[in-house]
Amino acid sequence: DAGITQSPRHKVTETGTPVTLRCHQTENHRYMYWYRQDPGHGLRLIHYSYGVKDTDKGEVSDGYSVSRSKTEDFLLTLESATSSQTSVYFCAISENRGGEDQPQHFGDGTRLSIL
Amino acid sequence: QKEVEQNSGPLSVPEGAIASLNCTYSDRGSQSFFWYRQYSGKSPELIMSIYSNGDKEDGRFTAQLNKASQYVSLLIRDSQPSDSATYLCAVDTGRRALTFGSGTRLQVQP
């Protein structure tokens, strides 16, 4: 399995509170991604990173921010959580080898419930 | 129009049969195509990647890509009950970030 650890694995919190999810990798991969998965929508990209301090927005970035201060850690923050952000959040990593992008591999996910 | 379309299913096949899963995409510039398998409550697991037109076989799995028609398919031969899962089609349009379909749920009946 790809060395990806997401924490926490489960979290229940209240509307309006800040929430930070952590993705930690031991593969030294350059690219890291945050997705959310909701019934009927598949996986949707929130933000991604192509290096330390280099991040970009995905399809559903509103209400989320990210930071990557070290290669191994990619943090996703909900500044003020809303019930619409209740979801399962997946982190993924990938690398480019010999000029070819390698497939993404996923962490085990974080189930976040916002009441 | 969604960028990546899949029939949500469920697709039900008997054990030992061939399961055929299909996916269409809208961006003609798409370069890389992936099939992920996801068991209920688990994370997506890569099972196939394909980058050029034609067929690619790996064990019981065959991925087929037709860029002119903008579709990619996955065939599972000798389907087993353990193949019962949701299969996600993912497309890389060149920005490295993947666009996923909503997934097709496959049920293999013993």
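Residues numbered from 1 in each chain as written. Chains lettered and ligands numbered in written order. Predicted model: local features only at pLDDT ≥ 70, side-chain atom pairs only at ≥ 80, totals over all residues. Heavy atoms only, no water.

Participant: Can you explain the environment of Pro14(B)? Please cite residues and give values.
Facilitator: All names here are of chain B. With respect to the element layout, proline 14 can be found in strand β2 (residues 11-14). For the pair proline 14 and valine 108, spaced 94 residues apart in sequence, the C-alpha to C-alpha distance is 5.5 Å. Among residues more than four places away in sequence, those in contact with proline 14 are Ser79, Val108 and Gln109. (Helix = DSSP H or I, 4+ residues; strand = E, 2+ residues; numbered from the N terminus. Contact = heavy atoms within 4.5 Å.)

Participant: So what's going on with the interface of chain B and chain A? Residues and values would help.
Facilitator: Interface extent is often summarised as the accessible area lost during association of the parts. Taken together, the contacts link 19 residues of chain B with 19 residues of chain A. Together, the buried faces of chain B and chain A total about 1,500 Å²; carbon and sulfur atoms form 54% of this surface. The interface formed by chain B and chain A includes 0 salt bridges. Inspection of the region where chain B meets chain A yields 4 residue pairs in polar contact (both at pLDDT 80 or more). (Buried area = accessible area lost by both parts, 1.4 Å probe. Salt bridge = Lys/Arg side-chain N within 4 Å of Asp/Glu carboxyl O. Polar contact = N/O pair within 3.5 Å; in protein donor to acceptor, adjacent residues only side chain to side chain.)

Participant: A description of unusual backbone geometry should follow, citing residues and the corresponding values.
Facilitator: Negative phi values dominate among residues other than glycine, just as trans dominates among peptide bonds. In the segment running from Ser7(A) into Pro8(A), the intervening peptide bond is cis, with an omega of -10°. Backbone torsion omega between Gly9(B) and Pro10(B) reads 10°, so that peptide bond is classified as cis. Note that Pro10(B) resides in the loop between β1 (4-6) and β2. Phi is positive for Asp78(B), close to 50°, though the residue is something other than glycine. Take Asp78(B): it is sitting in the loop between β8 (71-76) and β9 (85-92).

Participant: Run through the sheet that holds strand β7 (residues 64-70) of chain A, naming residues and quoting values.
Facilitator: Residues and elements named next belong to chain A. Taken together, 4 strands build an open sheet; the order of strands is β1-β3-β8-β7 and the sheet is antiparallel. With one partner strand each, in any of the chains shown, β1 (4-7) and β7 form the two edges of the open sheet. For this sheet the average axis-to-axis angle between neighbouring strands, irrespective of direction, equals 15°. For β1 and strand β3 (residues 19-25), the ladder comprises 4 bridges, and the chain directions are antiparallel. Bridge pairing in β3 places threonine 5 opposite histidine 24. (Pairing = 2+ DSSP bridges. Axes fitted to C-alpha atoms, helices over the stretch in contact; angles between N-to-C directions.)

Participant: Describe the packing of aromatic side chains, and please don't skip the residues or the numbers.
Facilitator: Tallied over the entire structure, the rule returns 12 aromatic pairs over all chains. With a centroid separation of 5.7 Å and an interplanar angle of 50°, the aromatic rings of Tyr36(B) and Phe100(B) are classed as tilted. Here Tyr36(B), found in strand β4 (residues 32-38), pairs with Phe100(B), found in strand β10 (residues 98-100); they are 64 residues apart in sequence, far enough to count as distant. Classification of Phe100(B) by relative accessible area gives buried; the value is 5%. In this structure an aromatic cluster arises from ring pairing among Tyr33(A), Tyr35(A), Tyr48(A), Tyr50(A), Phe90(A), Phe106(A), Tyr36(B) and Phe100(B). (Phe/Tyr/Trp six-rings, centres within 6.5 Å; stacked < 30°, edge-to-face > 60°. Buried < 20%, exposed > 50% of the residue type's maximum accessible area, 1.4 Å probe, protein only.)

Participant: Lay out the state of the cysteines with the relevant residues and their values.
Facilitator: Tallied over the full model, the rule gives 2 disulfides over all chains. Disulfide partner of Cys23(A): Cys91(A), at an S-S distance of 1.9 Å. Residues Cys23(A) and Cys91(A) are joined through a disulfide that is left-handed, its torsion about the S-S bond being -70°. Remark: Cys91(A) occurs in strand β9 (residues 87-94) and Cys23(A) occurs in strand β3; sequence separation between them is 68 residues. With respect to burial, Cys23(A) and Cys91(A) carry one shared label: buried. A sulfur-sulfur distance of 2.1 Å marks the disulfide that ties Cys23(B) to Cys89(B). In this structure the cystine formed by Cys23(B) and Cys89(B) twists about its S-S bond by roughly -75°; its chirality is therefore left-handed. You can see Cys23(B) sitting in strand β3 (residues 19-25) and its partner Cys89(B) sitting in strand β9, a full 66 residues away along the chain. The residues Cys23(B) and Cys89(B) share a single accessibility class, namely buried. (Disulfide = S-S within 2.5 Å.)

Participant: Residues and numbers for the nonpolar core, please.
Facilitator: Core analysis: the largest hydrophobic core is formed by 23 residues, its most contacted members being Trp35(B), Val72(B), Leu74(B), Ile76(B) and Tyr87(B). Broken down by secondary-structure element, the contributors of at least two residues to this core are β3, β4, β5 (45-50), β7 (61-66), β8, β9 and β11 (104-109) of chain B. In contact with Ile76(B), other than residues within four places in its own chain, are Ala17(B), Ile18(B), Ala19(B), Leu21(B), Arg60(B), Phe61(B), Asp83(B), Tyr87(B) and Leu106(B). Met32(A), Ala81(A), Tyr89(A) and Ile93(A) belong to the second-largest nonpolar core, a separate cluster that totals 19 residues. (Core = buried A, V, L, I, M, F, W, Y, C linked by side-chain atoms within 4.5 Å.)

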